[in-house]
Amino acid sequence: MNKYLILEDGTTFQGDAIGVPSISTGELVISNNLSGLENTITDQTYNDQIIVFVRPFVDTGGMNRDDYEAIAPSCKGVIFNSVPASQFSVQDPHSLNNFLKKRHIPGITNINIQRLAQHIKTHGAMKASIMDTADEHARDQIRALVIPRDRVKTVSTKQPYPNPNVGFKIAVIDLGLKYSILRQLSIRKCDSIVLPYNATATDILDLDPDAVVFTSGPGNPQEIPETLKTCQQLEGQLPILGIGLGHLVVALANGAEIYHMAYGHHGSNLSTVEIATENIEFSNHNHNYAIEPQSMSQTNFFITHRCLADNVIEGLRHRSDPTMTVQFQPEAAPGTHDALYIFDEFIEMITSFKQGKNL
Amino acid sequence: MNKEIVDDKTMKRTLTRITYEIIEKNKGNQNLVLIGIKTRGAFLAERIKMRLQQLEDIDVPQFALDVTNWRDDQQTVQAGGEQPPFSADQIAGKHVVLVDDVLYTGRTIRAALDAIMSVGRPSKISLAVLVDRGHRELPIRADYVGKNIPTSHREAIKVSMAEIDDEDKIEIIEPAAE
């Protein structure tokens, strides 16, 4: 069945349907990840976005059970260059086609990804539609689309739930949690409890945790003033780790400013430099916003990581409070394991914060 | 038998963490002076200085101190030990961070403290060590510890640094069973 990808500026690409045969509209983002299809599709940071995979083809193996980042992924669609016949298999319950159908995600394959990616790089990020027809009505729908403003609210958990273990108690504020963050905390024996994005400082302090994590998530952090307020109130009282959207939340709560990037960082081919050591690391990036460098002087943070490609601020640390943040995704899902040490640093931060309290 | 317990990556991490902690506990970093105890402590101090420079763009004065003349097992002052390389003005009123590789009995640190005090009067002295192996014989503790490694008296800790040993690592050396 023919499907059309229609961009905001009218450019139309024709391809073949995969996944659920519905139509949808969303912001187009380009993912450079060559691996980790499961991780990427189920990442809640892609909430309400259409993901374009620039990989030349999808491999023949089905979706695996180990790499889910959320049970109910909420992206608006997936675009591929080429998908092998085995991934359309009706018998194989784990084929990509069946996976997308079960999770109500529409998709298009056989699209000229190179041309599409080039178009976005030249003209900047734009909205797009996955449509059955390429008529004027379809274009009207894109024009009518208002990018939703409450994405964190949609993807954040409604009820607190635990991820039990035996070590430090960590309050994880779910702004669009990736399960890999919990996996990494579990590996380090952290007894975490996941809380909704609007948990208040009192709620959190009542639990008496050893530390707080603000997770990655979709959208603009200015849309979640509740979380910013919580962060302001907690700072200095507990060690804080901010990842992705959480990094922006912590920075905004401390007086920094943010801006919308021309076409964001999506994928694991972006390198960061750890400023203290000049070590170069690759990690998975997924953000459309970044911190305004000039606004850093209004805060009490110093920069720990920068992106080598465009010098974007990728990591911060507070000069006196136990607060650290990274813009990239250290949990490596998908991506290299270069940045997993961020979690170790966080655990060390908790340990030395506790020692400082006991002295 | 040598057992490697810290590799080069972890050692770099640890030094970076110590640097972060030094920034955290010294808001502003204006008054810092790094004094590394020769030989490996001096290299560690150099690396911390470099990290501070990268992160905060501050140039912290850094010196290498030879404590031979102040050791308590030195009955008479022998030729060979160097005089402290800093003057009274350079440390007066400053926050001195003393850096060494291994903290063991505490006697080296005592000697370094005497060496510093014999020259001038810093406002504060704190201690950063890469390894704390326990067995203190003096009432001394470190403010910044890279790694606590519990050891027995029979074992030795060997810190290798790329500057003189070609590679970064920390090993426990256990004497062969008798």
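Residues numbered from 1 in each chain as written. Chains lettered and ligands numbered in written order. Predicted model: local features only at pLDDT ≥ 70, side-chain atom pairs only at ≥ 80, totals over all residues. Heavy atoms only, no water.

1. Digging into the overall build of chain B
Under the convention used in this document: Counting from the N terminus, the helices are DSSP H or I runs at least four residues long and the strands are E runs at least two residues long. Only C-alpha atoms enter the radius of gyration; for comparison, a globular chain is expected to reach 2.2 Å times N to the power 0.38, where N is the number of residues. Exposure classes here rest on a 1.4 Å probe applied to the protein chains alone. A residue is buried below 20% of its type maximum, exposed above 50%, and partly exposed in between. The contact criterion used throughout is that any non-hydrogen atoms of two residues lie within 4.5 Å. Only the protein chains shown count as cover for residues, and all accessible areas are computed by the Shrake-Rupley method using a 1.4 Å probe.
Looking only at helices and strands, chain B has five helices and eight strands in total. The linear arrangement of helices and strands in chain B, starting from the amino end, is β-α-β-α-β-α-β-α-β-β-β-α-β. Rg of the C-alpha trace for chain B: 16 Å, near the compact-globule value of 16 Å for 178 residues, within the 12% margin. Along the first, second and third principal axes, the C-alpha set of chain B runs to 55 × 45 × 30 Å. Counting all 178 residues of chain B, 48% fall into the buried class. Counted over contacts in chain B with a minimum sequence separation of 6, partners at least 24 positions apart contribute 67%. Of the roughly 8700 Å² of accessible surface on chain B, 46% is carried by carbon and sulfur atoms.

2. Observations regarding the confidence of the model for chain B
The condition is simple: For every residue, the predictor reports its confidence as pLDDT, a number between 0 and 100.
On average, residues of chain B score 90 in pLDDT, and 95% of them reach the 70 mark or higher. Across the predicted assembly, pTM comes out at 0.91 and ipTM at 0.84.

3. Some details on the pairing of strand β14 (residues 279-291) of chain A
Residues and elements named next belong to chain A. The condition that has to hold: The pairing criterion for strands is at least two bridges between them, as found by DSSP.
Burial analysis of β14 places 10 of its 13 residues in the buried class, the great majority of the element. Bridging between strand β13 (residues 258-274) and β14 involves 11 bridges; their strand directions are antiparallel. The partner of E274 across the bridge, within β14, is N279. Counting the residues in the hairpin turn of β13 and β14 gives four residues, including E278, whose phi is positive at 60°.

4. Concerning the sheet that holds strand β5 (residues 124-132) of chain B
All names here are of chain B. Note the threshold: Axes here mean lines fitted to C-alpha atoms, for a helix over just the part in contact, with angles spanning 0 to 180 degrees between N-to-C directions.
With parallel pairing, five strands are arranged side by side in an open sheet as β3-β2-β4-β5-β6. This sheet does not close on itself; its edge strands, each paired only once, are β3 (62-65) and β6 (144-148). Within the sheet, the average angular offset between the axes of one strand and its neighbour, ignoring direction, is 20°. Against the sheet, helix α1 (residues 8-25) engages β2 (32-37), β4 (95-103), β5 and β6, with an angle of about 150° to β6.

5. Remarks on the sheet that holds strand β9 (residues 169-173) of chain A
All names here are of chain A. Reading across the sheet, the 10 strands line up as β8-β10-β9-β11-β12-β17-β16-β15-β13-β14 and stay open at both edges, with mixed pairing between neighbours. Strands with a single pairing partner mark the edges of an open sheet, and in this sheet they are β8 (161-163) and β14. Averaged over all adjacent pairs, the angle separating strand axes in this sheet is 25°, with direction ignored. Most of the contacts of helix α6 (residues 179-187) go to β8, to which it runs at about 45°, and overall it touches β8, β9, β10 (191-195) and β12 (240-243). Packing of helix α9 (residues 245-253) onto the sheet brings it into contact with β11 (211-214), β12, β13, β14, β15 (301-307), β16 (313-318) and β17 (323-326), and relative to β12 it is tilted by some 120°.

6. Concerning the UniProt feature "domain: Carbamoyl-phosphate synthase small subunit N-terminal" (unreviewed entry) in chain A
Quick reminder of the rule: UniProt positions are given in the numbering used here, feature names are shortened, and annotations may be inferred rather than shown by experiment.
The sites that carry the UniProt feature "domain: Carbamoyl-phosphate synthase small subunit N-terminal" (unreviewed entry) are, in the present numbering, residues 1-131 of chain A. In this annotation, residues 1-131 of chain A is assigned 18% helix and 30% strand; the end-to-end C-alpha distance for the span is 11 Å.

7. Regarding the pattern of salt bridges
Definition in use: Take a side-chain nitrogen of Lys or Arg and a carboxyl oxygen of Asp or Glu: if they are within 4 Å of each other, that pair is a salt bridge.
Counting across every chain of the model gives 32 salt bridges over all chains. When the shortest N-O distance is used, the salt bridge between B:R13 and A:E274 registers 2.5 Å. In this pair, B:R13 is assigned in helix α1 and A:E274 in strand β13, connecting two distinct chains. For the pair shown, B:R13 and A:E274 are each scored as buried. Taking the shortest distance from any N to any O, the salt bridge between B:R110 and B:D114 comes out at 2.3 Å. On the criterion of helical spacing, the pair formed by B:R110 and B:D114 is a turn pair, its members being four residues apart in helix α4 (residues 107-119).

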